[in-house]
Amino acid sequence: MSDDRILMTPAEVAALAFGGEENVACEAVTEASILAAQSRYLRPVVGDALYARLLAGDYPELVDKWLKPPLALFVKSAALPEVSARVAAVGVVRCEGEWFSPADGDAVRLLQRRVRMEAEELLDEAVRHIRSEHVRYPEYDDTANVRCRVSVVGGVVLCG
């Protein structure tokens, strides 16, 4: 059963962010992980009014072209630690195949950071598009966008 609160399916995330479902364990990308990424990254940027319209199925072209790519990458970033380790009956284990060796924690964190930065850039592009088409998306309001109220300088969050 599909959750009508999510903007994309796990299969779409797998295709956009991982290159296909065969490249990611199905338990790493769930509807819950998509909903969490939407709540954490999209809703604070597009605002409650536009977010409600997106969930209602309005503006499908905005969702498909501009919001699904960064959302998929935010989900990927969150899923990377789970992809590199699995919870099994014997505890947390790493998969070591015949031809592959697992990445260490530092490598996973670097990849997470790179994927999240790419997602942030794509989300910034989406916001620029929304602003340039303000007549088409009247629910968008810069004052509702957390990025217009907060700056991050050298890892320090500045409110303003």
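For the structure given in this document, a descriptive report is provided here. These numbers come from a predicted model, not from an experiment.

1. Considerations on the overall build of the chain
Then comes step 1: Each helix and strand counted, the chain has 4 helices and 4 strands in total.
Then comes step 2: Ordered by position from the N terminus, the helices and strands of the chain form the series α-α-α-β-β-α-β-β.
Then comes step 3: Expressed as a percentage of the 160 residues in the chain, the buried residues total 34%.
Then comes step 4: For the chain, the proportion of contacts with a sequence separation of at least 24, taken over those separated by at least 6, is 69%.
Then comes step 5: In the structure as shown, the chain presents an accessible area of about 9600 Å², 57% of it carried by carbon and sulfur atoms.

2. What to know about helix α2 (residues 31-55)
Then comes step 1: Taking 1.5 Å per residue as the helical rise, α2 with its 25 residues ought to reach 36 Å, whereas the 14 Å between its terminal C-alpha atoms falls clearly short.
Then comes step 2: Of the residues trailing α2, Gly 57 is marked for its positive phi of about 95 degrees.

3. Describing unusual backbone geometry
Trans is the prevailing form of peptide bonds, just as negative phi is the prevailing case for residues other than glycine.
Then comes step 1: Here the phi dihedral of Tyr 59 falls at roughly 55 degrees; this positive angle occurs in a residue that is not glycine.
Then comes step 2: When you line up the elements, Tyr 59 lands in the loop between α2 and α3 (60-84).

4. Section: the pattern of salt bridges
Then comes step 1: The tally for this structure, following the rule as stated, stands at 12 salt bridges.
Then comes step 2: For Glu 61, the salt bridge is made with Arg 136, and the minimal N-O distance between the two is 2.8 Å. Remark: Arg 136 occurs in the loop between α4 (105-132) and β3 (150-153) and Glu 61 occurs in helix α3; sequence separation between them is 75 residues.
Then comes step 3: Exposure remark for Glu 61: the relative accessible area of 34% places this residue in the partly exposed category.
Then comes step 4: Look at the salt bridges and you will find they share partners, linking Glu 12, Asp 64 and Lys 68 into a network.

5. Considerations on the packing of aromatic side chains
Then comes step 1: Counted according to the given criterion, the structure contains 2 aromatic pairs.
Then comes step 2: Taking 3.9 Å as the distance between ring centres and 0 degrees as the angle between the ring planes, the aromatic pair formed by Tyr 41 and Phe 74 counts as stacked. Placement of the pair is Tyr 41 in helix α2 and Phe 74 in helix α3, with a sequence separation of 33 residues.
Then comes step 3: Note on Tyr 41: relative accessible area 15%, which makes it buried.
Then comes step 4: Here Tyr 59 and Tyr 137 contribute two aromatic rings whose centre-to-centre distance is 5.0 Å and whose plane-to-plane angle is 80 degrees, an arrangement assigned as edge-to-face.

6. Some remarks on the side chain of Glu 139
Then comes step 1: By the secondary structure assignment, Glu 139 is in the loop between α4 and β3.
Then comes step 2: Not counting chain neighbours up to four residues away, the residues in contact with Glu 139 comprise Ala 49, Leu 50, Arg 53 and Tyr 59.

7. Observations regarding the packing of α2 against α4
Then comes step 1: At a closest axis distance of 10 Å, the pairing of α2 and α4 adopts a crossing angle of 25 degrees. Here α4 runs roughly parallel to α2, going by the angle between their axes. Crossing of α2 against α4: the hand is left-handed. Here Tyr 41, Leu 42, Val 45, Val 46 and Leu 50 of α2 come into contact with α4, specifically with Arg 116, Glu 120, Leu 123, Val 127 and Ile 130.
Then comes step 2: Considered class by class, the residues forming the contact of α2 with α4 number 8 nonpolar, no polar and 2 charged.

8. Some remarks on the environment of Leu 67
Then comes step 1: Take Leu 67: it is sitting in helix α3.
Then comes step 2: Taking relative accessible area as the criterion, Leu 67 reaches 2% and is therefore assigned buried.
Then comes step 3: Between the C-alpha atoms of Leu 67 and Met 8, which are 59 residues apart in sequence, the distance is 9.6 Å.
Then comes step 4: Once residues within four sequence positions are removed from consideration, Leu 67 is found in contact with Leu 42, Leu 54, Leu 62, Leu 123 and Ala 126.

About the criteria used
- Residues numbered from 1 in each chain as written.
- Predicted model: local features only at pLDDT ≥ 70, side-chain atom pairs only at ≥ 80, totals over all residues.
- Heavy atoms only, no water.
- Helix = DSSP H or I, 4+ residues; strand = E, 2+ residues; numbered from the N terminus.
- Buried < 20%, exposed > 50% of the residue type's maximum accessible area, 1.4 Å probe, protein only.
- Contact = heavy atoms within 4.5 Å.
- Areas by Shrake-Rupley, 256 points an atom, 1.4 Å probe, with all protein chains shown as cover.
- Expected span 1.5 Å × (residues − 1).
- Salt bridge = Lys/Arg side-chain N within 4 Å of Asp/Glu carboxyl O.
- Phe/Tyr/Trp six-rings, centres within 6.5 Å; stacked < 30°, edge-to-face > 60°.
- Axes fitted to C-alpha atoms, helices over the stretch in contact; angles between N-to-C directions.
- Parallel < 35°, antiparallel > 145°, perpendicular 65-115°, else oblique.
- Left-handed = near helix turned anticlockwise from the far one by under 90°.
- Nonpolar A, V, L, I, M, F, W, Y, C, P; charged D, E, K, R; others polar.

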